[in-house]
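Now for the letters of each chain:
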Amino acid sequence: MKDLLQLKDKNIVIMGVANERSIAWGVAESLYNAGANLIFTYRKERSYKKLSKLLENSTVDAKAVLQCDVNSDESIKETFATIGKDFGVVHGIVHSIAFAHAEDLKGKFVETSRDGFAFAQDTSAYSLIAVANAAKPYMSEGGSIIAMSYLGAERVVKGYNVMGVAKASLEASVKYLATELGEDNIRVNAISAGAIRTLAAKGVPSFNDVLTRIEQESPLKRNVTKEEVGDMTMAMMSHLSRGVTGEIIYVDSGYNILGI
Ligand SMILES: NC(=O)c1ccc[n+]([C@@H]2O[C@H](COP(=O)([O-])OP(=O)(O)OC[C@H]3O[C@@H](n4cnc5c(N)ncnc54)[C@H](O)[C@@H]3O)[C@@H](O)[C@H]2O)c1
């Protein structure tokens, strides 16, 4: 099986583990079991502490744990320069990062502030472009970049507001990046995940209603898990998906196909 995936000893950067509930942690477990070398990045000291504990208490091994604040070009460049120096080649990147100010999610969309809009875009969408640009020199053997999106990018999900527009921008960025980086055999895709109870999800006021609705109405009649998103991310990182780029892949119990 590992041979089919061709992930053994591949250097994969995982950005966005905040705690054990993080989607990125589900991804880390899947990729580790497939034999990949994992390089983790975190934003704040708090995440570093949580991540260190998680690593201590699990079988997942980290080849490196580095700080990277995606709101800062300098931080992104420095992180990837260190990764390049220490590992030579990057084969994959998992971008599992998003943030918007709570007041921009709670209020009416029409009242979104200029700053709040820019901040959500910068953190949740532009960061993918900046990361791809900083990583590109080290992705000399080709590779795969995965971002995490949500249905709120293309449909109106109550309470998702400014983040929905940031995800729309993220999904469009995936397609533009895929088109340009394809000649270097770098594939860029997004997973559109169903609702999963995480720290980031706490900021979305309608989250509990969304979970209930998916359970009642989705084709699979249940919510998805971070492990399921992890496995699909692993497939999208692997040799199995070598012909796929610029796609938005749904791991959402089929909820996105519903009309009314
Ligand atoms: N949980 C869901 O229901 C759901 C559904 C679909 C998509 N997603 C997406 O999955 C991704 C991961 O979110 P999650 O739900 O696992 O929540 P999470 O809170 O565990 O992860 C979000 C991560 O983003 C990081 N982050 C925020 N700002 C950053 C910055 N400036 N620099 C570096 N890192 C920063 C946080 O530190 C955290 O690790 C996000 O893109 C989110 O929008 C989540």
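Look a little higher up for the structure.
Since the structure is predicted, the reported quantities are computational estimates derived from the model, not experimental observations. (Residues numbered from 1 in each chain as written. Predicted model: local features only at pLDDT ≥ 70, side-chain atom pairs only at ≥ 80, totals over all residues. Heavy atoms only, no water.)

When the terminal C-alpha atoms of helix 4 (residues 73-87) are compared, their 21 Å separation across 15 residues agrees well with the 21 Å that a helix rising 1.5 Å per residue should span. The complete set of buried residues in helix 4 reads Ser75, Ile76, Thr79, Phe80, Ile83 and Gly84. Along the axis of helix 4, the buried residues cluster in a sector spanning 165°; they form a single face. Those residues of helix 4 that are exposed and aimed more than 90 degrees away from the buried face are Glu74, Lys77, Glu78 and Lys85. Elements that come into contact with the buried residues of helix 4 comprise strand 1 (11-15), strand 2 (37-42), strand 3 (62-67), strand 4 (92-95) and helix 6 (114-135). Looking one or two residues past helix 4, Gly88 carries a phi angle of roughly 80°, positive in sign. (Helix = DSSP H or I, 4+ residues; strand = E, 2+ residues; numbered from the N terminus. Expected span 1.5 Å × (residues − 1). Buried < 20%, exposed > 50% of the residue type's maximum accessible area, 1.4 Å probe, protein only. Arc of directions from axis to C-beta. Contact = heavy atoms within 4.5 Å.)

Most of helix 2 (residues 23-33) sits inside the fold, with eight of its eleven residues counted as buried. Of all the residues in helix 2, the buried ones are Ile23, Ala24, Trp25, Gly26, Val27, Ala28, Ser30 and Leu31.

What the rule picks out here adds up to four aromatic pairs. Between the aromatic rings of Tyr42 and Tyr48, the centroid separation amounts to 5.0 Å while the plane-to-plane angle is 40°, which identifies the pairing as tilted. Judged by relative accessible area, which is 11%, Tyr42 ranks as buried. Judged by centre distance (4.8 Å) and plane angle (65°), the ring pair of Tyr150 and Tyr160 falls under edge-to-face. Highlighted residues: Tyr150 in the loop between strand 5 (143-149) and helix 7 (161-181) and Tyr160 in the loop between strand 5 and helix 7, separated in sequence by ten residues. For Tyr150, a relative accessible area of 15% gives the class buried. Overall, Tyr160 belongs to the buried group, its relative accessible area being 9%. Its end group placed over the ring of Phe99, Arg43 keeps NZ or CZ at 5.3 Å from the ring centre. (Phe/Tyr/Trp six-rings, centres within 6.5 Å; stacked < 30°, edge-to-face > 60°. Lys NZ or Arg CZ within 6 Å of the ring centre and 35° of its normal.)

Bringing the sheet that holds strand 5 into the picture now. Read from one edge to the other, the open sheet built from seven strands follows the order 3-2-1-4-5-6-7, with strand pairing classed as parallel. In this open sheet, the two edge strands, each paired with only one partner strand, are strand 3 and strand 7 (248-251). Each strand axis lies, on average, 20° off the axis of its neighbour in the sheet, ignoring direction. Note: strand 6 (residues 186-193) against strand 7, four bridges, orientation parallel. Across the sheet, the residue bridging to Ile191 is Ile249, located in strand 7. Most of the contacts of helix 7 go to strand 5, to which it runs at about 170°, and overall it touches strand 5, strand 6 and strand 7. Packed onto the sheet, helix 9 (residues 226-237) meets strand 1, strand 4, strand 5, strand 6 and strand 7 and runs at close to 165° relative to strand 6. (Pairing = 2+ DSSP bridges. Axes fitted to C-alpha atoms, helices over the stretch in contact; angles between N-to-C directions.)

We now examine the site of the ligand. In the vicinity of the ligand, 28 residues are found, and the nearest of them are Ser22, Ile23, Lys167, Ile196 and Thr198. At a separation of 3.4 Å, an oxygen atom of the ligand approaches a polar backbone atom of Ala18. Between the ligand and the protein, one listed contact pairs an oxygen atom with a backbone N or O atom of Ile97 at 3.3 Å. Looking at side-chain class alone, the shell around the ligand contains 17 nonpolar, eight polar and three charged residues. (Near = heavy atom within 4 Å. Polar contact = N/O pair within 3.5 Å; in protein donor to acceptor, adjacent residues only side chain to side chain. Nonpolar A, V, L, I, M, F, W, Y, C, P; charged D, E, K, R; others polar.)

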